[in-house]
Amino acid sequence: MNIVLFHSTYGLRPAVHAAADRLRAAGHQVWTPDLFEGRTFDTVEEGMAFKEELGKDELLKRAILAAAPYSERGLVYAGFSFGAATAQTLALGDDKARGLLLLHGTSDIAENATVDELPVQLHVAEPDPFETDDWLSAWYLQMGRAGADVEVYRYAGAGHLYTDPDLDDYDAEAAESTWRTALGFLETL
């Protein structure tokens with residue numbers, strides 16, 4: 001499977017490279033675009049400030065340009081938190097998308113968005129300050145109306161970015177469960 005994996009607001013950190021290596025070890029081809037052009041951050045606040053400084057349009061343009069060379073192959077779009085939101089936006093706009101793997105995040109869905117049974121898997125903490133229960137319920141219903149085939153996995157007590165071993169959010173058990181389930185999902189695509 002061809003996968004484009006987008007980083008969180010922390011930037012392209014070691015955890016993203018480790019995730020890409022894990023996916024490659026399972027036989028997938030993975031690209032990890034650096035939307036922040038080498039900048040990484042120690043706090044979510046610093047990353048969010050930089051993201052706001054760059055602007056939504058610039059970041060979306062960078063993401064589209066990064067994925068474009070591979071999109072004809074039929075990509076699985078994936079990402080962490082902000083990167084998951086980016087992946088979702090691109091997948092919903094790409095009629096060749098093979099799947100969508102969301103780790104720790106979702107995004108708004110355009111009212112006119114439609115996909116043809118796009119397989120989607122979401123992994124998120126429970127509770128998650130960025131992905132509230134009300135938001136996730138509405139998101140799930142909207143994705144279904146858009147035509148996506150959605151699976152949601154919640155991890156009680158885990159922190160927001162629980163798959164990143166370098167952050168306080170890290171939860172080894174939840175991370176391993178996420179990767180086992182995600183790799184199984186990718187095998188079905």
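Residues numbered from 1 in each chain as written. Predicted model: local features only at pLDDT ≥ 70, side-chain atom pairs only at ≥ 80, totals over all residues. Heavy atoms only, no water.

> Explain a negative patch on the surface here, please?
A surface patch of like charges, here negative, comprises Asp-116, Glu-117, Asp-149 and Glu-151. For Glu-151, the position within the fold is in strand 6 (residues 149–156). With a relative accessible area of 33%, Glu-151 lands in the partly exposed category. (Patch = residues over 30% accessible without salt bridge, like charges linked within 9 Å, V, L, I, M, F, W, Y side chains within 5 Å. Areas by Shrake-Rupley, 256 points an atom, 1.4 Å probe, with all protein chains shown as cover. Salt bridge = Lys/Arg side-chain N within 4 Å of Asp/Glu carboxyl O. Lys, Arg positive; Asp, Glu negative; His and termini not counted. Charge placed at Lys NZ, Arg CZ, Asp CG, Glu CD. Helix = DSSP H or I, 4+ residues; strand = E, 2+ residues; numbered from the N terminus. Buried < 20%, exposed > 50% of the residue type's maximum accessible area, 1.4 Å probe, protein only.)

> Sorry, what's going on with the nonpolar core here?
Soluble, globular proteins show a tendency: their nonpolar side chains are buried together. With 35 residues, the main nonpolar core has Phe-6, Tyr-77, Leu-100, Leu-118, Val-120, Trp-139 and Met-143 as its most contacted residues. Elements supplying a minimum of two residues to this core: strand 1 (2–6), helix 3 (56–71), strand 3 (75–80), helix 4 (82–92), strand 4 (99–103), strand 5 (119–126) and helix 5 (133–146). By residue number, the principal contributor to this core is helix 4, which donates six residues. (Core = buried A, V, L, I, M, F, W, Y, C linked by side-chain atoms within 4.5 Å.)

> Would you mind showing me how to read the side chain of Asn-2 here?
Structurally, Asn-2 can be placed in strand 1. Leaving out residues up to four positions away in the same chain, Asn-2 has contacts with Gln-29, Trp-31, Arg-73, Gly-74, Leu-75 and Val-76. (Contact = heavy atoms within 4.5 Å.)

> Sorry if this is basic, but what is going on with the packing of helix 3 against helix 4 here?
For any two helices packed against each other, one specifies the inter-axial angle together with the distance between the axes. Interhelical geometry of helix 3 versus helix 4 gives an angle of 65° and a closest axis separation of 11 Å. Classed by the angle they form, the pair helix 3 and helix 4 counts as roughly perpendicular. Like other packed secondary-structure pairs, helix 3 and helix 4 cross with a definite hand, here right-handed. Contacts from Leu-59, Leu-60, Ala-63, Ile-64 and Ala-67 of helix 3 reach helix 4 at Phe-82, Thr-86, Thr-89 and Leu-90. The residue makeup of the contact of helix 3 with helix 4, split by class, is seven nonpolar, two polar and no charged. (Axes fitted to C-alpha atoms, helices over the stretch in contact; angles between N-to-C directions. Parallel < 35°, antiparallel > 145°, perpendicular 65-115°, else oblique. Left-handed = near helix turned anticlockwise from the far one by under 90°. Nonpolar A, V, L, I, M, F, W, Y, C, P; charged D, E, K, R; others polar.)

> Sorry, what's going on with unusual backbone geometry here?
Residues other than glycine predominantly adopt negative phi, and peptide bonds predominantly adopt the trans conformation. Cis geometry marks the peptide bond from Glu-126 to Pro-127; its omega dihedral reads 0°. Here Pro-127 is to be found in the loop between strand 5 and helix 5. The phi angle at Glu-37 is positive, at roughly 50°, despite the residue not being glycine. Along the chain, Glu-37 turns up in the loop between strand 2 (29–31) and helix 2 (44–54). The class of Glu-37 is exposed, set by a relative accessible area of 60%. Positive phi values are uncommon outside glycine, yet Glu-117 reaches one of about 55°. Mapped onto the fold, Glu-117 is located in the loop between strand 4 and strand 5.

> Just to check I follow, could you spell out the packing of aromatic side chains for this structure?
The description of two aromatic rings rests on the distance between their centres and on the angle between their planes. Taken as a whole and judged by the stated rule, the model has seven aromatic pairs. Seen in terms of ring centroids, Phe-36 and Phe-50 are 5.1 Å apart; in terms of plane orientation they differ by 80°. Their pairing is edge-to-face. Of this pair, Phe-36 sits in the loop between strand 2 and helix 2 while Phe-50 sits in helix 2; the two residues are 14 residues apart in sequence, bridging distant segments of the chain. Take Phe-36: its relative accessible area is 1%, and that puts it in the buried class. A ring pair is formed by Phe-41 and Phe-50, whose centres lie 5.2 Å apart and whose planes are at 40°; its orientation type is tilted. For the pair shown, Phe-41 and Phe-50 are each scored as buried. Linked through ring pairs, Phe-36, Phe-41, Phe-50 and Phe-82 together constitute an aromatic cluster. (Phe/Tyr/Trp six-rings, centres within 6.5 Å; stacked < 30°, edge-to-face > 60°.)

Coordinates in, geometry out; function isn't part of it.
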